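The chain contents come next:
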Amino acid sequence: MNHGEGEDELVLEALEMLATGRDDEEVFADLAARTGDWGASALAVCLALGVPRTDAEARIREARPLFEEFVVGEEDLVASVLAFGHVFVVDRVLDAHGERIRDLLGTAAGARGGYPGGLLAWFRSGELTKIFLFFAKTRFRNGRGSSPPEFWAAMVTAGELLATEDGPDQAEVTAGLEHCRAQATAVGTDSQMLP
């Protein structure tokens, strides 16, 4: 690292920048441009966010070959690649209730035939309401998706569990749950409803 900065100082600096509302990509780009050490800067951001050291080091080791694709001055691009690769995602440990919901949403994803890669970060960070609301808008057309009945059944159960929680999205969850119930009923009677 340039300027004789140690890891602790970089982590502290990353913490301070994050506390001011800057996002992980901005913090990485700033530290990386200043220090010239992209690996140490990525590690500092991960540790400041709360990613366990062993996980952070493994993620950076995996991403390190990508650094060779960029040159000094392209720290913003490297930051985007690291964010796209979910290097800065903090995996959330859920309680049994949350794990059950995440498992049901995973079942729904499989029955749907998958999900966009961007949702992986939501699964890892425990953004269960966001995933539920995204999936509730699913439309199966021309037999696409492996199992609409399994999908809607998992979504109804996940929605019922989410509906027991208080949150700012409660009205949306309730509306999504009603939509999922209607879809599950329609699939059961073999007449697919439109959203």
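In short, a report on the structure. (Residues numbered from 1 in each chain as written. Predicted model: local features only at pLDDT ≥ 70, side-chain atom pairs only at ≥ 80, totals over all residues. Heavy atoms only, no water.)

Thoughts on the pattern of salt bridges
Charged atoms that come close allow side chains of opposite charge to pair.
Okay, step 1: A full pass over the atoms with the stated rule returns nine salt bridges.
Okay, step 2: Between Asp30 and Arg22 there is a salt bridge, with the nearest N and O atoms lying 3.3 Å from each other.
Okay, step 3: Within the structure, one salt-bridge network assembled from shared partners comprises Glu7, Arg53 and Glu57. (Salt bridge = Lys/Arg side-chain N within 4 Å of Asp/Glu carboxyl O.)

Describing unusual backbone geometry
Okay, step 1: For His86, which is not glycine, the phi dihedral falls at a positive 60°.
Okay, step 2: With respect to the element layout, His86 can be found in the loop between helix H5 (75-84) and helix H6 (96-112).
Okay, step 3: Owing to a relative accessible area of 12%, His86 belongs among the buried residues under this scheme. (Helix = DSSP H or I, 4+ residues; strand = E, 2+ residues; numbered from the N terminus. Buried < 20%, exposed > 50% of the residue type's maximum accessible area, 1.4 Å probe, protein only.)

Structural notes on helix H8 (residues 128-136)
Okay, step 1: By the burial criterion, the buried members of H8 are Leu128, Ile131, Phe132, Leu133, Phe135 and Ala136.
Okay, step 2: On its buried face, H8 sits against H6, helix H7 (119-125), helix H9 (148-163) and helix H10 (170-188). (Contact = heavy atoms within 4.5 Å.)

Quick notes on H6
Okay, step 1: The end-to-end C-alpha distance of H6 is 24 Å, a good match for the 24 Å that 17 residues give at a rise of 1.5 Å each.
Okay, step 2: Those residues of H6 hidden inside the fold are in contact with H7, H8 and H9. (Expected span 1.5 Å × (residues − 1).)

What about the layout of surface pockets?
In this approach, a probe sized like a water molecule rolls over the atoms, and the result shows the empty space that is left.
Okay, step 1: Taken as a whole, the largest pocket spans an internal volume of roughly 270 Å³.
Okay, step 2: Taken together, 17 residues form the lining of the largest pocket, with Arg92, Leu128, Thr129, Leu162 and Glu165 sitting closest to its centre.
Okay, step 3: Of all the elements in the fold, those that place two or more residues in the lining of the largest pocket are H6, H8 and H10.
Okay, step 4: Counted by class, the lining of the largest pocket contains five nonpolar, six polar and six charged residues.
Okay, step 5: In this structure, the second largest pocket spans a volume of roughly 190 Å³.
Okay, step 6: Along its surface, the second largest pocket is lined by Asp24, Leu49, Ala83, His86, Phe88, Val89, Val90, Gly118, Ala121 and Ser125.
Okay, step 7: Residues belonging to the lining of the second largest pocket are distributed by class as follows: six nonpolar, three polar and one charged. (1 Å grid on protein atoms, 1.4 Å probe; cavity = no way out; pocket = protein on both sides within 12 Å on 5 of 7 lines; lining within 4 Å. Points joined across faces, edges and corners; volume = space filled by probe spheres on them. Nonpolar A, V, L, I, M, F, W, Y, C, P; charged D, E, K, R; others polar.)

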